[in-house]
Every structure is written in structure tokens, then in C-alpha cells.
Amino acid sequence: MAALHYETPLVESDLASQRAGCKVLLKLENVQNTSVYKIRGIGHRCRKVIQEGCTHLVSSSGGNAGIATAFAGRKLGVPVTVVVPESTPEVMRERIRKEKADVIVHGKVWDDANSKSLELASQPGYAHIHPFDHPDIWEGHASLIYEIKSQLNGAKPGAVIVAVGGGGLLNGIIHGLQAVNWNDVPVIAMETEGADSFAAACKAGKLVTLPDITSIAKCLGAKTVTQKSFDLTKEHPIVSCVVSDKAAVNACDKFLDDHHCLVEPACGAALAAIYEPHFLVDLQEKGRLSSSQNLDNVVCIVCGGNGISIELLLKWKRDLGLS
Ligand SMILES: Cc1ncc(COP(=O)(O)O)c(C=O)c1O
């Protein structure tokens, strides 16, 4: 059966390269099915559980993972229930309903919605689709690297830039890099202040649970990153970086100007590595990224996202003093 995700374009961007001071390639997951990379891992996981006999999918995400699960269920002909917290805006609930899934609102934050979804998924024939913490999810996201390798005709990227929420994308990218023996390709792991559970874990040398998510990049808002992401810091070169909401929103704005694509601040966090002046060069100068690392072909995963509109972008720009 055909995959649920597309192969997305990998494009060299002169404008982004000029901004970053090195050759930048953009992996455009914003044009992926459901406008976000999530469908790669979630589609893979949904297909597997259905093959194993599941007749109902349950997701706990008021965001992009919920939309991806609903999309996968509709395409594979299996009903889907998405449990969202009260904080999920109506526009996202409506987007999930458009994929023909049932939406249940439960609790204040994702953790509450997740408990409810686990309870629902314990019924016979039901399967729980975690938004980021499952090996099937990472295996699906790893397809990004296999595609990039083929699109670059086997040439190695200088680095891969990713946004980190719960760590599902990060784990998948490293799974892919290890599978193709690109063990020395550094991964630049971008978060925003107030959603920086991976950076907090790297600093503390153990998993840390943030007291709250205060960043506007709500899709990066996992209070605790996966154990796997932390374990990978001992296996693979990962440079953990935290930027402000202002830098993430500014990157969304500049990316819109340059490429005429609208992405949410979770994606802006990754783009900030390109759009913040001297960001990559500074990492090298500070010794966080090896100075011998050839920064040609830096690949930025433009993860996309549905949590954005022109109105929201303009509001955030005003609120953050960017306009
Ligand atoms: C647009 C976008 N980017 C990045 C992330 C981070 O995802 P992960 O939990 O896989 O680290 C998310 C998570 O929902 C997202 O929606």
C-alpha cells in the first residue's frame, strides 16, 4: 500500500544561504500531507497497529499529531478519537474534525488529555498513538534522512537542524543518520525558551520536567523530553540551542518574506538557526560545533505546522515588538 506521506522537496535556498553565511538546503515538510512532518512517523505507527488488528485509533494531541492521526485513520479506513486539552484552540479542533475524527476535550494540559486517551485505548481493539514517544514513530520520521541521502546523491550534509518538542523528530533524524552511517553529521537541536526540556536535560545530565510551558511555540511544549533523546546525547553529536520566542517568530516572518510559506513558531525555532545573524558561525567560534566541520549543505528541516495564520503572526509580531 502507498505511503501516507509524500517525498518532499529538498531545495537549495540562496536567500537562506545568504542569511546563514553557508549553503543551506531546506527540507520542505510544510508541504507534506497535513502540512507537517508528523504524518511520517504517525502514519507508520498507525499502519502497523492496524496490521496487528487494531480497529480504533486514539491520539492525545490537540495539535499536529492529532491532525496526522486523524488523517491516517481516514486514509486507512479506521475510526479515530483525538483527546485534546482545553488549551487546544477551536481552529485546531475543527481541523481534526475535518479529518472525520471525534474530538474529546479533557483536562487543562496535554498530560491530562493523555491520561484520558490511555484509558480509552485500553478497550479491546483500540490502540494508543503517542505523539512522539514510540520507536515506530522514530522509524517513520527516519524516512526524512533516507530521502535526503537520495536527494543529495549520497553527499553528506554539513549538519541537520531540527526543532525539538518531545523529541520524536530528533530521535527519528538520529535513527536515520545512524542507519545510513552518517554518525558524524551533527544535529542542531533547536528549542524556544519556556519549552526547553531537552536543553534542561542536557544541562542537568538527567531528564528534567519543566514546571510549565511558557513559550508561544506550544507544539514544542512537552514538559519532559523522551528518555531516548537524552540517551542519544551520549551516542551522537547533538548541539542543543535555545532561542527566544521573538527569534522564532522573526524567523517565521523572514521565511514568509523569502519563500512565501507560512509556518508556526515551532518550525520558526529551527529556522532561527538560519535567520538569527551569525548563529551557525557563532556555534563554530564558540567551539560548540567543530571548526573543522564543513558547513556546506546544512539541511534545515522545515517541519511546518498548522498552528499559524496571518492574523496570529501579525499579533505575535506586535506583542513581541517586531512591528
Ligand atoms: C510543527 C512542529 N514542529 C516540531 C515539533 C516537535 O516535535 P517532537 O515532539 O517530535 O519533538 C512539533 C510537535 O508537535 C510540531 O508540531
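Refer to the structure above for everything that follows.
Structure report, in brief. This structure is a prediction, so every number in the text was calculated from the model and none was measured.

With that settled, consider the site of the ligand. Neighbouring the ligand are 22 residues; Gly165, Gly166, Gly168, Cys219 and Gly305 lie closest to it. Of all the secondary structure elements, the ones that give two or more residues to the shell around the ligand are α3 (64–76), α8 (168–179) and α12 (265–275). Residue contributions to the shell around the ligand peak at three residues, all from α8. Taken together, the residues of the shell around the ligand break down into 13 nonpolar, eight polar and one charged. Domain assignment of the residues forming the shell around the ligand places at least three in each of domain 1 (10–37 + 136–319) and domain 2 (39–130).

Attention now goes to the sheet that holds strand β2 (residues 24–28). Spatially, the six strands line up as an open sheet ordered β1-β2-β10-β7-β8-β9, and their pairing is mixed. In this open sheet, the two edge strands, each paired with only one partner strand, are β1 (10–12) and β9 (238–243). Going across the sheet, the axis of each strand differs from the next one's by a mean of 25°, ignoring polarity. In the sheet, β1 pairs with β2 via three bridges, with the strands oriented antiparallel. Note on β2: the bridge partner recorded for Val11 is Leu26. The sheet contacts of α8 involve β7 (159–163) and β8 (187–192), and relative to β7 the element is tilted by about 160°.

Note: strand β3 (residues 56–59) against strand β6 (residues 126–129), four bridges, orientation parallel. In the strand pairing of β6, Ser59 is matched with Ile129. Sheet topology note: the β3/strand β4 (residues 80–84) ladder contains three bridges and is parallel. Paired with Val58 across the two strands is Thr81, which belongs to β4. The β-α-β motif built from β3, the intervening α3 and the parallel element β4 has right-handed crossover chirality.

Thresholds, definitions, all that
- Residues numbered from 1 in each chain as written.
- Predicted model: local features only at pLDDT ≥ 70, side-chain atom pairs only at ≥ 80, totals over all residues.
- Near = placed C-beta within 6 Å.
- Helix = DSSP H or I, 4+ residues; strand = E, 2+ residues; numbered from the N terminus.
- Nonpolar A, V, L, I, M, F, W, Y, C, P; charged D, E, K, R; others polar.
- Domains from an automatic or database assignment.
- Pairing = 2+ DSSP bridges.
- Axes fitted to C-alpha atoms, helices over the stretch in contact; angles between N-to-C directions.
- Contact = placed C-beta atoms within 7 Å.
- Right-handed = clockwise from strand over helix to strand, strands pointing away.

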